[in-house]
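Examining the three-dimensional arrangement
The primary structure of each chain is shown beneath.
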Amino acid sequence: MQANEKIVILDFGSQYTQLIARKIRESGVFAEIYPYNIEKSKIDVIRPKGLILSGGPSSVYAEGAPHPVFNVFELGIPVLGICYGLQYIAHKLGGEVDKAAHREFGRAELIIDKHNLLFKDIPDNSIVWMSHGDSLTKIPDGFEITAHTKNAPICAIRSLEKKIWGVQFHPEVHHSEDGTQILKNFVREICGCKENWDTHSFVENAIEEIKEKVGDKEVICALSGGVDSTVLAVLLHKAIGDKLHCIHIDTGLMRLNESEELIRLFKESFNISIELIDGSEYFLNGLKNVTDPEQKRKIIGKSFIHLFEIAAKRFNNAEWLAQGTLYPDVIESVSVKGPSVVIKTHHNVGGLPEKMGLKLIEPFRELFKDEVRAVGRELGVPEWFVNRHPFPGPGLGIRILGEISVEKIQTLQKADAIYTEEIRKAGMYDKIWQAFVALLPVKSVGVMGDERTYENACVLRAVSSVDGMTADWYPMPYDLLAKVSNRIINEVPGINRVVFDITSKPPGTIEWE
Ligand code: XMP
């Protein structure tokens, strides 16, 4: 049977595994991540054209170190081992790995000893990124050394006969200058994958699949106002037209004019009508006298599901519920699956489909956030919308610390709109991963004109991040901070003090509740 034009990456727990998938997709080939202990029968169904063994934090000798559960070298397809993956190859096939022979972290110059397809178009002395404790001291029989660095005499190996390649460095990280080309060489030159993964073909295939799946039934889509659900709705509408029913619940905790803008965007740009449910009173009633962040999150989640169920009953021909679930949410990867405590209860509609007897449709299960943005652009969703910063499901409810009231919501909406407007004006919006204002339950004394004031403080937050899991506070220019602070205090009654948050994640979180 013919192989599929895709690459499988086995994840041994490296923090960079997702980057391997990203880089390969950027070279036009589809790559998917699976846990290192996937069974052979599953790989037989996927039929990839090549296999990549990722890096990982373990030593191959350590007790409980991750080892695949079948002989991956007998699949008959090219294998590339990266860092731990390379060490696993050596360990398994009769080479030797030494614990602290040549620890190496950071940049190194790659000296190619033997030019080959993996290093096609790679110049000598290319900078590569090393991050390993153990290293190879003896290569397995049948292999040859193809590159070294100053500190790693064995930096890359291959066996043409066995179709196995291995590199000690991380080609997937940005600091490896020619890393993308190396991965591209592996998937295109060595595995022979055709370039067939791009946004345009994704959209075309997704439309066909949705049409086929849905048939003459109907689909419900909960529109939050965020990028993912918006792009999802536009895609579904292209596929099934009026068989799509969009429901937007205005929680009353949205940003300034957000629900109105959403309805207008859909009507004007896409001719899609949305069922708007004004839930603001319902949400506010439920939140009365509640100050605990977790309790707020749970009430908002439950209220959402309650109103959504009522609204969806009207569409009794619907058999499907569409969700904008993304790839990082679904990969069963060892690096993301570890035991973790609940820091925050996330607001989502998980569990709803079973409760309502609906089947799930999730066209973005295989995409990363910026790929969804690219799909949005392909479908004509305007740039300003596609690039919007993430916004949490519980909305302003978790940005008003302590008890929520209509007045506080209005105050925060105004302050937040000013902050966003100034960031956009300064041309910095797209450089920042997320920026917002939170309203603090703290009053302080100030003086305006000759009057004493005693009002609330608000905090400006801005972070850079890749996936929201970790984040750095963003070094906002002083003049921008000054302008925003000035405008908020002058234009927003109820706030007389503005502070800037300089906490990274960890130890902080991005949202304040
Ligand atoms: P934290 O505050 O946990 O947030 O550092 C990480 C990212 O997730 C967003 N966030 C949420 N998104 N539902 C969501 O859809 C939620 O309940 C939720 N809570 C936080 C947050 O805005 C940040 O981008």
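Keep in mind it's a predicted model, so treat the numbers as computed, not measured. (Residues numbered from 1 in each chain as written. Predicted model: local features only at pLDDT ≥ 70, side-chain atom pairs only at ≥ 80, totals over all residues. Heavy atoms only, no water.)

**Considerations on the overall build of the protein**
Of the regular secondary structure elements, the protein holds 16 helices and 20 strands. A globule of 513 residues ought to have a C-alpha radius of gyration of about 24 Å, and the protein, at 26 Å, matches this closely. Counting across all 513 residues of the protein, residues that qualify as buried make up 54%. In the protein, the proportion of contacts linking residues at least 24 apart, taken out of those at least 6 apart, comes to 76%. Per element, the accessible surface of the protein, about 23800 Å² overall, is 49% carbon and sulfur. Taking the average location of the 59 positive side-chain charges in the protein and that of its 70 negative ones, the two points are 1 Å from each other. (Helix = DSSP H or I, 4+ residues; strand = E, 2+ residues; numbered from the N terminus. Rg over C-alpha atoms; globule rule 2.2 N^0.38 Å. Buried < 20%, exposed > 50% of the residue type's maximum accessible area, 1.4 Å probe, protein only. Contact = heavy atoms within 4.5 Å. Areas by Shrake-Rupley, 256 points an atom, 1.4 Å probe, with all protein chains shown as cover. Lys, Arg positive; Asp, Glu negative; His and termini not counted. Charge placed at Lys NZ, Arg CZ, Asp CG, Glu CD.)

**Points about the packing of helix 5 (residues 199-214) against helix 6 (residues 227-240)**
Following both chains from N to C, one finds helix 5 and helix 6 inclined at 65 degrees, their axes separated by 9 Å at the closest point. Note on packing geometry: the crossing formed by helix 5 with helix 6 is right-handed. Counting all contacts with helix 5, which are made through Val-203, Ala-206, Ile-207, Ile-210, Lys-211 and Val-214, the residues of helix 6 involved are Leu-235, Leu-236, Lys-238, Ala-239 and Ile-240. Of the residues belonging to the contact of helix 5 with helix 6, the class tally is nine nonpolar, no polar and two charged. (Axes fitted to C-alpha atoms, helices over the stretch in contact; angles between N-to-C directions. Left-handed = near helix turned anticlockwise from the far one by under 90°. Nonpolar A, V, L, I, M, F, W, Y, C, P; charged D, E, K, R; others polar.)

**Section: the nonpolar core**
The biggest cluster of nonpolar side chains holds 50 residues, and the ones touching the most others in it are Ile-220, Ile-247, Phe-308, Tyr-419, Ile-423, Met-476 and Ile-488. Of the residues forming this core, the biggest block, eight residues, is contributed by helix 9 (residues 293-313). In this structure, this core is formed jointly by two domains, domain 2 (199-386) and domain 3 (407-500), each of which donates at least three residues. If sequence neighbours within four positions are ignored, Phe-308 has contacts with Ile-220, Ala-222, Ile-247, Ile-249, Leu-321, Leu-352 and Met-356. Of all hydrophobic cores here, the second largest spans 40 residues; its members include Ile-207, Cys-221, Ala-233 and Ile-272. (Core = buried A, V, L, I, M, F, W, Y, C linked by side-chain atoms within 4.5 Å. Domains from an automatic or database assignment.)

**Some thoughts on the sheet that holds strand 16 (residues 359-361)**
Strand order in the open sheet formed by five strands is 14-13-12-15-16, and the pairing between neighbours is parallel. Looking at which strands have only one partner, the edges of the open sheet turn out to be strand 14 (274-278) and strand 16. Averaged over neighbouring strand pairs, the angle between their axes works out to 30 degrees when direction is ignored. In this structure, strand 15 (residues 318-322) lies alongside strand 16, joined through three bridges in parallel fashion. Bridge assignment links Trp-320 to a residue of strand 16, and that residue is Lys-359. Contacting strand 12 (218-222), strand 13 (244-250) and strand 15, helix 6 runs over the sheet at an angle of about 165 degrees to strand 12. In this fold helix 9 packs onto strand 12, strand 13, strand 14 and strand 15, with an angle of close to 145 degrees to the strand it touches most, strand 13. (Pairing = 2+ DSSP bridges.)

**Digging into the sheet that holds strand 2 (residues 30-35)**
The nine strands lie next to each other as 2-1-3-4-11-10-9-6-7, forming an open sheet whose pairing is mixed. Taken across any chain shown, the strands that pair with only one partner, and hence form the sheet edges, are strand 2 and strand 7 (126-132). Adjacent strand axes in the sheet meet at a mean angle of 25 degrees when their direction is disregarded. As paired elements, strand 6 (residues 104-112) and strand 9 (residues 144-148) share two bridges and run antiparallel to each other. Of the residues in strand 9, the one forming a bridge with Ile-111 is His-148. Helix 1 (residues 17-26) rests against strand 1 (6-11), strand 2, strand 3 (50-53) and strand 4 (79-82) of the sheet, and its axis sits at about 160 degrees to strand 2. Here helix 3 (residues 84-93) sits on the sheet and contacts strand 3, strand 4, strand 7, strand 10 (156-159) and strand 11 (164-167); the angle it forms with strand 4, its principal contact strand, is near 115 degrees.

**Observations regarding the packing of aromatic side chains**
Summed over all chains, the structure comprises 13 aromatic pairs. With a centroid separation of 5.4 Å and 75 degrees between ring planes, the pair formed by Trp-384 and Phe-385 is classed as edge-to-face. The class for Trp-384 is partly exposed, based on a relative accessible area of 40%. What makes Phe-385 buried here is its relative accessible area of 2%. Three or more aromatic residues joined by ring pairs make a cluster, and in this case those are Phe-12, Tyr-36, Phe-73, Tyr-84 and Tyr-88. Cation over ring: Arg-255 sits above Phe-391, and NZ or CZ is 3.9 Å from the ring centre. (Phe/Tyr/Trp six-rings, centres within 6.5 Å; stacked < 30°, edge-to-face > 60°. Lys NZ or Arg CZ within 6 Å of the ring centre and 35° of its normal.)

**Topic: helix 3**
The element helix 3 is extensively covered by neighbouring structure, given that seven of its ten residues are classed as buried. Those residues of helix 3 not exposed but buried are Tyr-84, Gly-85, Leu-86, Gln-87, Tyr-88, Ile-89 and Ala-90. Just beyond helix 3, the residue with positive phi is Gly-94, at close to 100 degrees.

**Topic: the site of the ligand**
Inspection of the region around the ligand gives 15 residues, with Lys-344, Gln-434, Lys-505, Ile-510 and Glu-511 positioned closest. One nitrogen or oxygen atom from the side chain of Gln-434 is found 2.7 Å from an oxygen atom belonging to the ligand. Coverage of the ligand by the protein chains reaches 84% of its 490 Å² of free accessible surface. Tallied by class, residues from the shell around the ligand come to five nonpolar, six polar and four charged. Both domain 2 (199-386) and domain 3 (407-500) contribute no fewer than three residues apiece to the shell around the ligand. (Near = heavy atom within 4 Å. Polar contact = N/O pair within 3.5 Å; in protein donor to acceptor, adjacent residues only side chain to side chain.)

**Some details on the pairing of strand 2**
Most of strand 2 is tucked away: six of the six residues are buried. Summarising the sheet, strand 1 and strand 2 pair through six bridges and their orientation is parallel. Counted as the bridge partner of Asp-11 is Pro-35 from strand 2. Of the crossover connections in this fold, the one passing from strand 1 over helix 1 to the parallel strand 2 is right-handed. (Right-handed = clockwise from strand over helix to strand, strands pointing away.)

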